Amino acid sequence: MNRILSYFLAFVMTLLLSSCVHHPDVPSSSKETKCLPAIFPDYCDVTVPCNIAPLNFMLPADQYEACVARLTTPDGRQQTYGDGVKVQIPESEWHAMLDASKGKSIKVEVWGQKKGEPSVAGQREKQWLSYSPFEIHVAEQPIDEYLSYRLIEPSYVAWTYMEIAQRNLTTFEETQIFNNEITSIDREKGQCINCHSYQNYKTDNMLFHVRLSNAGTVIVNDGKVSRVNLKRDYTISSGVYPSWHPTAKLIAFSTNLTRQAFHTLNPNKIEVYDLASDLILYDVEKDSVSVVSNDSTLLEIYPTWSPDGKYLYYGKSAPLPEEMCDKDIRTTYPKVQYNLYRRSFDLSSHKFGEEEFVYDATSHDKSVTLPRISPDGRYLLFALGQYGCFHSRHHDADIVCIPLEQYTGIALNEETTSPIDLTLLNSEGYSDSYPSWSSNGHWIMLASRRDDDNYSRVYFAYFNNGKVGKAFLLPQEDPELHISLLKSYNRPEFMVEPVKISVDEFSKVFDK
């Protein structure tokens, strides 16, 4: 009986939603312009996955009163949308258009009704403008169905509510993985949750950290949840930035003594830096921690495995000039720069090889962080800025992509490489950071502050045979949500499936 009732309610909701869809008429007359419409998000001439959620958009509400869009598929089918200044497309209709346009394009025509000046009689003269049409190119390759991220205020000294959420990229469904209130006992001390990570894009083996109140690393091992303490007498801290081995129950971590500075005049606003950092390997089955690298004079950070599990890549700081070695890190942090290294790994013995110098950023006064290797092992992706390891707050930070075939054992640098053209991916003058690959290697994801310089939002771009398309913003059911949601998207991670463990189930490990 309950199942029949649920089906009935779903049918009623479908009817109600269908009745709310606006299919307005195209304006009978309009003034033609020679420019593209100033829509937000900017979806003009982007390439999107064949399974992405509707690319809803809007015209600026302070300039327009209404918007009408007409979408045409390659087989000639047309439909119009528009409600006020927003264009919101039903999921079923949108996915039908995607299916009809794989490998081709959807043509989009937009009309906007400007807000007119009051006439003598007090009436506003309303004029429709027609804009140059644009296309939404539909790739044949899909994107991973799920995405997870931490939602957090863009600038903070302390925090209150915090959550890790997951989003279905083919729809607008968002659910919670965990939040910091359910188990936080000491409200004054608080609780931070961060660094969610998955093994090979799947969620039966995953983790996230809980810090301060009820501290520990929550690990899911074949669907079973536990909370562990990764701190050992011989490590400087518990595990911090993680990377799961693609096939084995092993996790590489950096261990960090991290500090933050909050600027009043510096436009970068927040600085995150390390007093010390090393690399460790955690064996999930044995609950054992071994040291990978612990050079006490340098900083090692952001480990990541190659897709075949045979190499561990990571960032490592270059030595500071001798005259700065004994000075306070709060004054020397702009001089801390990282290069990229890797070590080979033998799965049978769990032994690492000698360190290999992969990318020399410091020779050109730069700092490299967050390396990511494409699933086919052919491309190296990383964030590059002038200094430091927290490019999420650095205006000069950009994403760089290099074919790994160019590395022959001698460190690469800006002069010796031919990087992939990422002009359509990076923004100018804003932070672009935290890059990652989809599981099929055809979609690059990054966190960018390009919209307003404050909030970090998720962008995607098509990658195909070394060519990168224009970046586009994570679609939302209401395009205004990107403006009204006062949260940053932190550490976006691709997943091929959702996290199946509920918030309540996760909370039980804190009772033990």
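If you're wondering where the values come from, they're calculated on a predicted model, not measured in any experiment.

**A word on the overall build of the protein chain**
Inference 1: Scanning the protein chain from terminus to terminus reveals five helices and 33 strands.
Inference 2: By its C-alpha atoms, the protein chain is 75 × 65 × 45 Å across when sized along the principal axes.
Inference 3: Here the protein chain, with 512 residues, has 54% of them falling under the buried criterion.
Inference 4: Counted over contacts in the protein chain with a minimum sequence separation of 6, partners at least 24 positions apart contribute 59%.

**Side note on the sheet that holds strand β14 (residues 202–212)**
Inference 1: Strand order in the open sheet made by the four strands is β13-β14-β15-β16, with antiparallel pairing throughout. Each edge of the open sheet carries a strand with a single partner, namely β13 (191–199) and β16 (224–228). The mean angle between the axes of side-by-side strands here comes to 20 degrees, regardless of whether they run parallel or antiparallel.
Inference 2: Sheet analysis places strand β15 (residues 216–221) next to β16, joined by five bridges and oriented antiparallel. Bridge pairing in β16 links V220 to V225.

**Notes on the packing of aromatic side chains**
Inference 1: Counting across every chain of the model gives 19 aromatic pairs.
Inference 2: Centre to centre, the rings of W443 and Y462 are 4.9 Å apart; their planes meet at 45 degrees, and the pair counts as tilted. Remark: Y462 occurs in strand β30 (residues 457–464) and W443 occurs in strand β29 (residues 443–448); sequence separation between them is 19 residues. Grouping residues by exposure puts W443 and Y462 together as buried.
Inference 3: Every member of this aromatic cluster is reached through a ring pair, and the members are F178, F208, F506 and F510.
Inference 4: One cation-aromatic arrangement involves K316 over Y341; the distance from NZ or CZ to the ring centre is 5.6 Å.

**Things to note about the pairing of strand β25 (residues 367–373)**
Inference 1: Counting buried residues along β25, seven of its seven residues qualify, which places the element largely inside the surrounding structure.
Inference 2: Relative to strand β26 (residues 379–385), β25 runs antiparallel, the two being bridged by five bridges. By the bridge assignment for β26, R372 is matched with L381.
Inference 3: The turn linking β25 back onto β26 is made up of five residues, and G377 within it adopts a positive phi angle of 75 degrees.

**Focus on empty space enclosed by the protein**
Inference 1: Considering all chains together, one arrives at two cavities of 30 Å³ or more under this definition.
Inference 2: Taken as a whole, the largest cavity holds about 70 Å³ of empty space.
Inference 3: Lining the largest cavity, in full, are E271, V272, Y273, D274, L299, I329, Y333, V336, Y338, Y387, G388 and C389.
Inference 4: With four residues, the single largest contributor to the lining of the largest cavity is strand β19 (residues 270–283).
Inference 5: Taken as a whole, the second largest cavity encloses approximately 40 Å³ of empty space.
Inference 6: As for the second largest cavity, its lining consists of P267, R393, H394, H395, S431, R449 and D453.
Inference 7: Residues belonging to the lining of the second largest cavity are distributed by class as follows: one nonpolar, three polar and three charged.

**A closer look at unusual backbone geometry**
Inference 1: Cis geometry is found at the peptide bond from F40 to P41, where omega equals -5 degrees.
Inference 2: Here P41 lies in the loop between β1 (31–32) and β2 (47–48).
Inference 3: For N200, which is not a glycine, the phi torsion comes out positive at approximately 55 degrees.
Inference 4: Tracing the chain through its elements places N200 in the loop between β13 and β14.
Inference 5: Notably, D453 is not glycine yet its phi reads approximately 75 degrees, a positive angle.
Inference 6: Examined against the element boundaries, D453 turns out to sit in the loop between β29 and β30.

The rules we used
Each residue is numbered by its place in its chain's sequence as written, counting from 1. Local features in a predicted model are, by the rule used here, given only for residues with pLDDT of at least 70; side-chain atom pairs are given and counted only at 80 or more, and totals for whole chains, interfaces and linings are based on all residues. In computing side-chain properties, one takes all heavy atoms of the structure into account and sets aside hydrogens as well as water. Helix and strand definitions follow DSSP, with helices as H or I runs of at least four residues and strands as E runs of at least two, each counted in order from the N terminus. Relative accessibility decides the category of a residue: with a 1.4 Å probe and only protein chains considered, values under 20% of the type maximum give buried, values over 50% give exposed, and everything between is partly exposed. A contact between two residues is defined here by any heavy atoms of the two lying within 4.5 Å. Strand pairing is assigned whenever DSSP identifies at least 2 bridges connecting the two strands. Lines fitted to C-alpha atoms define the axes here, with helix axes fitted over just the stretch in contact, and angles between the N-to-C directions of these axes take values from 0 to 180 degrees. Any Phe, Tyr or Trp ring, taking Trp's six-membered ring, that has another such ring centre within 6.5 Å forms a pair; planes under 30 degrees apart are called stacked, those over 60 apart edge-to-face, and the others tilted. To sit over a ring, a charge needs its Lys NZ or Arg CZ within 6 Å of the ring centre and within 35 degrees of the ring normal. Cavity means a closed set of points on a 1 Å grid over the protein atoms alone, one where a 1.4 Å probe fits but cannot get out, pocket means an open set with protein on both sides within 12 Å along at least 5 of 7 lines, and lining means a residue has an atom within 4 Å of a point. Grid points are joined across faces, edges and corners, and a volume is the space filled by probe spheres set on the points. Asp, Glu, Lys and Arg are counted as charged, while Ala, Val, Leu, Ile, Met, Phe, Trp, Tyr, Cys and Pro are counted as nonpolar; the rest, among them Gly, fall into the polar class.

Treat this as a map of the structure, not an account of what it does.
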